[in-house]
Amino acid sequence: MYYRGAAAAIVVYDVTSKQSFAGAKSWIEELNRRGDPGCVIALAGNKADLKRKVDAAEVEAFAEAKGLLHVETSAKTAEGIKELFMTIAEKLPKNAKPSLADSKQAFNPSAAKEKKSGCC
C-alpha cells in the first residue's frame with residue numbers, strides 16, 4: 001500500500017466476510033500510524049447486495065470511534081459508489097493545492113535534456 005502524501009484513502013472490506021473486516025481494521029491502524037494526519041479515510045463495505053456476515057452496528061461503532069467515513073457499496077450494482085466519492089470530496093480541504101513535497105522538483109524540460117547522455 002502506498003499512501004505517503006495521500007489526501008484520501010479508501011479501505012474496502014467485504015460485508016460477507018468477518019475476516020475481511022478484521023483485515024480492514026489492520027489497514028486503518030496502519031494508515032493512522034504512518035499516514036498523513038489530515039488524510040480523509042473512508043471505510044467501504046462492499047457486496048452490500050449480498051447477505052451480510054459482518055454486523056452493521058459493529059462497523060458503524062468502529063467507524064465512529066476512529067473518525068472514519070463509512071459507506072456500504074456494491075461494485076456489482078454500483079450502489080453507494082457515487083455517495084462514497086462525493087462524501088470523500090466534501091471532506092477534502094477546499095483550499096488544498098497540489099504539492100510537490102514528495103517530488104524532488106517539478107519537471108523541467110531543460111534539466112531533462114542536460115541529464116540525457118549516450119546516443120538515444
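This one's a predicted model, so the numbers in the text were calculated from it and none came from an experiment.

1. Observations regarding a nonpolar patch on the surface
Together, I10, V12, I81 and F85 make up an exposed nonpolar region whose accessible area comes to about 330 Å². Tracing the backbone shows I10 in strand 1 (residues 8-14).

2. A short note on the nonpolar core
Y13, F21, L43 and L68 are the most contacted members of the largest nonpolar core, which totals 17 residues. Taken together, the elements giving at least two residues each to this core come down to strand 1, helix 1 (18-34), strand 2 (40-46) and helix 2 (56-66). Apart from the residues within four sequence positions on either side, F21 is in contact with Y13, L43, V54, E58, V59 and F62. Residues V40, V71, L84 and I88 belong to the second largest nonpolar core, which totals 7 residues.

3. Quick word on the pattern of salt bridges
For the structure shown, the criterion picks out 6 salt bridges. Here R33 makes a salt bridge to E30, at a shortest N to O gap of 2.9 Å. Taken as a pair, R33 and E30 lie in helix 1 at a separation of 3 residues, close to a single helical turn. What makes R33 exposed here is its relative accessible area of 59%.

4. Thoughts on helix 3 (residues 81-91)
For helix 3, the set of buried residues is L84, T87 and I88. Axial view of helix 3: buried residues confined to an arc of 100°, hence all on one face. Among the exposed residues of helix 3, those oriented more than 90 degrees off its buried face are K82 and E90.

5. Thoughts on the packing of helix 1 against helix 2
How two helices sit against one another is set out by the angle between their axes and by the gap between those axes. Relative to each other, helix 1 and helix 2 sit at 0°, their axes nearing to 12 Å. Classified by the angle their axes make, helix 1 and helix 2 are roughly parallel. Residues F21, K25, I28, E29 and N32 of helix 1 pack against E58, V59, F62 and K66 of helix 2. Class assignment for the residues of the contact of helix 1 with helix 2 results in 4 nonpolar, 1 polar and 4 charged.

6. Here's the deal with the pairing of strand 3 (residues 69-72)
Taken together, the 4 bridges between strand 2 and strand 3 define a ladder with parallel strand orientation. Across the sheet, the residue bridging to A44 is V71, located in strand 3. Between the parallel elements strand 2 and strand 3, the chain passes through helix 2 in a crossover that is right-handed.

7. Looking at the sheet that holds strand 1
Within the open sheet, the 3 strands sit side by side as 1-2-3. Their pairing is parallel. One side of each edge strand has no neighbouring strand; the edge strands of this open sheet are strand 1 and strand 3. Pairwise comparison of adjacent strand axes, ignoring direction, gives a mean angle of 20° for this sheet. Across 7 bridges, the pairing between strand 1 and strand 2 is parallel. Along strand 2, the bridge assignment pairs Y13 with G45.

Each value, and the rule that gives it
- Residues numbered from 1 in each chain as written.
- Predicted model: local features only at pLDDT ≥ 70, side-chain atom pairs only at ≥ 80, totals over all residues.
- Heavy atoms only, no water.
- Patch = residues over 30% accessible without salt bridge, like charges linked within 9 Å, V, L, I, M, F, W, Y side chains within 5 Å.
- Areas by Shrake-Rupley, 256 points an atom, 1.4 Å probe, with all protein chains shown as cover.
- Salt bridge = Lys/Arg side-chain N within 4 Å of Asp/Glu carboxyl O.
- Helix = DSSP H or I, 4+ residues; strand = E, 2+ residues; numbered from the N terminus.
- Core = buried A, V, L, I, M, F, W, Y, C linked by side-chain atoms within 4.5 Å.
- Buried < 20%, exposed > 50% of the residue type's maximum accessible area, 1.4 Å probe, protein only.
- Contact = heavy atoms within 4.5 Å.
- Arc of directions from axis to C-beta.
- Axes fitted to C-alpha atoms, helices over the stretch in contact; angles between N-to-C directions.
- Parallel < 35°, antiparallel > 145°, perpendicular 65-115°, else oblique.
- Nonpolar A, V, L, I, M, F, W, Y, C, P; charged D, E, K, R; others polar.
- Pairing = 2+ DSSP bridges.
- Right-handed = clockwise from strand over helix to strand, strands pointing away.

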